[in-house]
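The chain contents come next:
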Amino acid sequence: MSAPGVLSFTQQGWEQVLAKVKWALVYLDAACAESLHWGCGSTRLLEAVGGPACHLREFEPAAVGGGAEQPKAVFVLSCLLKGRTVETLRDIICRSHFQYCVVVTAVNHAVHLTANHVPAAAAAELEGQPVFEQLEEKLCEWMGNMNYTAEVLHVPLLFAPVAPHLALTPAFASLFPLLPQDVHLLNSARPDKRRLGSLNEVDASALPPELLLQIRCLVSGLSSLCEHLGVREECFAVGSLSRIIAADLANYGPAKNRRKTATGRASVVFVDRTLDLTGAVGHHGDNLLEKIISVLPQLPGHTNDVMVNMVELTALQNEEKNQSMVAPGCLAQSNDPAARALWEALLSTKHKEAVMEVRRHLVEAASRENLPIKMSMGRVTPGQLMSYIQLFKNNLKALVNHCGLLQLGLATVQTLKHPQTAKWDNFLAFERLLLQSIGESTMSVVLNQLLPMIKPLNQRTNDDYSPEELLILLIYIYSVSGEFTVDKDLGEAEEKVKKALAQVFCEESELSPLLQKITGCDSSIKLTFPKSKIAADELFTSLRDIAGARNLMKQFKSVYVPGNHTHQACYKPLLKQVVEEIFNPERPDPVDIEHMSSGLTDLLKTGFSMFMKVSRPHPSDHPLLILFVVGGVTVSEAKMIKDLVPSLKPGTQVIVLSTRLLKPLNIPELLFATDRLHPDLGF
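- The name an unreviewed UniProt entry gives the protein chain is Sec1 family domain-containing protein 2, with Ursus maritimus as the organism.
- UniProt, in its Sequence similarities (unreviewed entry) section for the protein chain, records the words "Belongs to the STXBP/unc-18/SEC1 family."

Below, the structure written as structure tokens:
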């Protein structure tokens, strides 16, 4: 087996689950289904269950129970066993005929104690796992016989491993760093305590209990990963929410013993996404996969995969009504080595090479199956790729052998032909123009340039921007500009844009799910102009917050590099700046990359270092760097980090972790329509 990594960590977790599922009905929640999907695939689970019927069900209140011939159930859950989750368990079990129930939770027992308000000192004294044991008794009660078998156990199924160097945490897809406006909300919730002046002053004690618990659930999983990797980690942070998460991991009680015996060392650096939203909404990543993820419809229940229309490989006509008849394909091909090789190539190549790589894989597969292939050189077109894919259509053996590859091939064709892909270049052109004009003109001039592009539905053509796309452009403008002077001109320009946006929202024939959340109206008929204008005002409060997100930084103050007579103005990703600073050969004490001390010895070291030569921990000290982006990462950012680290310090291994894989449209949702302070934990 290769060196331990996130993939082996995830697969090891699933092996523990697979050992329990023989002849069982298996209920999965969405986040665990996504971990399975990328980690080892549902076929592995079905093989482990055995039997001819499909025994997988979604864990939800309306889930079908088990009949008299289904005495065993396994529930695989990503969350705390509390509140709605326990109620759903009870409802499913009470309407079934189970005699044997296994409940697997991705959250460890220590966090369950915290969730049940058991103080840390008391928790340390406890024997066994009382929360799990009490639930086991309840399970037997619900099954109707105390002699039946119930088992509750923790398996850290935190990650969806997308590639050897990249893994995501589906259960935390909506975790997003805080903004200055959240400080006002925190202050109003604690009138009797000292007022917080800025995000810099927000610590764990100021956060609502549900957000703290969500962070603790994440930390519990990250600690399990470090245990699997055999490392003792030093924690660092860039940004305010990252600081709270890093401090929680550094001081996480259950990790103390494993750190004493760990032989390896690693640096874990958390970075707040809000410090640089330019890269998240921008279109400069020259990457085919980014386009595929952005234009194809999302796979239902998933945050990181898409639906690929497979009708072309059947005898059906490719009409809308037939698309729902044939199960969709997807990008994750965890059980198909050839498709996985192509997937990893797509993650790490530029658009043009990626398309040629898809052609090469299709040609080789067709040759291996002796299909009558017509070779053509030169530019790769969607039609040419489609002609290769069609060769497999009437050959069932070839179709089965190369099913994963054909899904990636069809995803490529459907993306290249998609009208949104043509628009990608419009975005890119506008962004480049913007980078030049930001250096030469004020923010009000830039906003006035945007104004004529804000058009109501009856004046828009396919080339014009939809309301959601306008929000993406506004986020780009405010994030890349950073701090700017607020004057009368800016106030007037913003007011014009707000009014134009409010008018556009009102004139939509139907409101998209995002606009419904932003305006608080479920239909455009109910949306009045005053309501719409209030929503637009709130959007601009968030946009100004984003522009000021780097104000608290001393070193990473800008992602904008102004042009001069030799080169054009450009965008320099914050993540690139962070990695370059970590591996700066001068090794200065990092200014914005804060080290989080774990307990007394670290504090003593820091204290002594004021008057003695004690070297402070530095993020480049260790052979493994784990970079966790809180709030999502793009495919091209992950590729940039993977390529950059070995070029700066050969021999260093890097793992990129994040809450989700981003496409531009995710950011307006996370920024304008997500309750960052109060995640829904189900109780």
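After that view of the structure, there is still more to cover.
**Let's talk about the side chain of Thr634**
So, point 1. With respect to the helices and strands, Thr634 occurs in the loop between strand E13 (624–630) and helix H28 (635–648).
So, point 2. A polar atom in the side chain of Thr634 sits 3.4 Å from the side chain of Glu290.
So, point 3. Ignoring anything within four residues of it in the chain, the contact list for Thr634 reads Arg273, Gly279, Ala280, Glu290, Leu661 and Leu662.

**A short note on the pairing of strand E1 (residues 25–28)**
So, point 1. Residue alternation in E1 divides its side chains into two sets, Leu25 and Tyr27 and Val26 and Leu28, and both sets are buried.
So, point 2. Taken together, the 4 bridges between E1 and strand E3 (residues 72–77) define a ladder with parallel strand orientation. By the bridge assignment, Val26 is partnered in E3 with Val74.
So, point 3. Looking at chain direction, E1 and strand E2 (residues 56–58) are connected through 3 bridges and run parallel. Across the sheet, Val26 pairs through a bridge with Leu56, a residue of E2.

**Overview of the sheet that holds strand E5 (residues 149–154)**
So, point 1. Taken in spatial order, the 5 strands make up an open sheet running E2-E1-E3-E4-E5, and their pairing is parallel. Strand pairing shows two members of the sheet lacking a second neighbour, E2 and E5, which therefore form its edges. Each neighbouring strand pair of the sheet contributes to a mean axis angle of 15°, computed without reference to strand direction.
So, point 2. In the packing of helix H4 (residues 84–94) onto the sheet, the strands contacted are E1, E3 and strand E4 (100–105), and the crossing angle to E3 comes to about 165°.

About the criteria used
Residues numbered from 1 in each chain as written. Predicted model: local features only at pLDDT ≥ 70, side-chain atom pairs only at ≥ 80, totals over all residues. Heavy atoms only, no water. UniProt positions renumbered as here; feature names shortened; annotations may be inferred. Helix = DSSP H or I, 4+ residues; strand = E, 2+ residues; numbered from the N terminus. Polar contact = N/O pair within 3.5 Å; in protein donor to acceptor, adjacent residues only side chain to side chain. Contact = heavy atoms within 4.5 Å. Buried < 20%, exposed > 50% of the residue type's maximum accessible area, 1.4 Å probe, protein only. Pairing = 2+ DSSP bridges. Axes fitted to C-alpha atoms, helices over the stretch in contact; angles between N-to-C directions.

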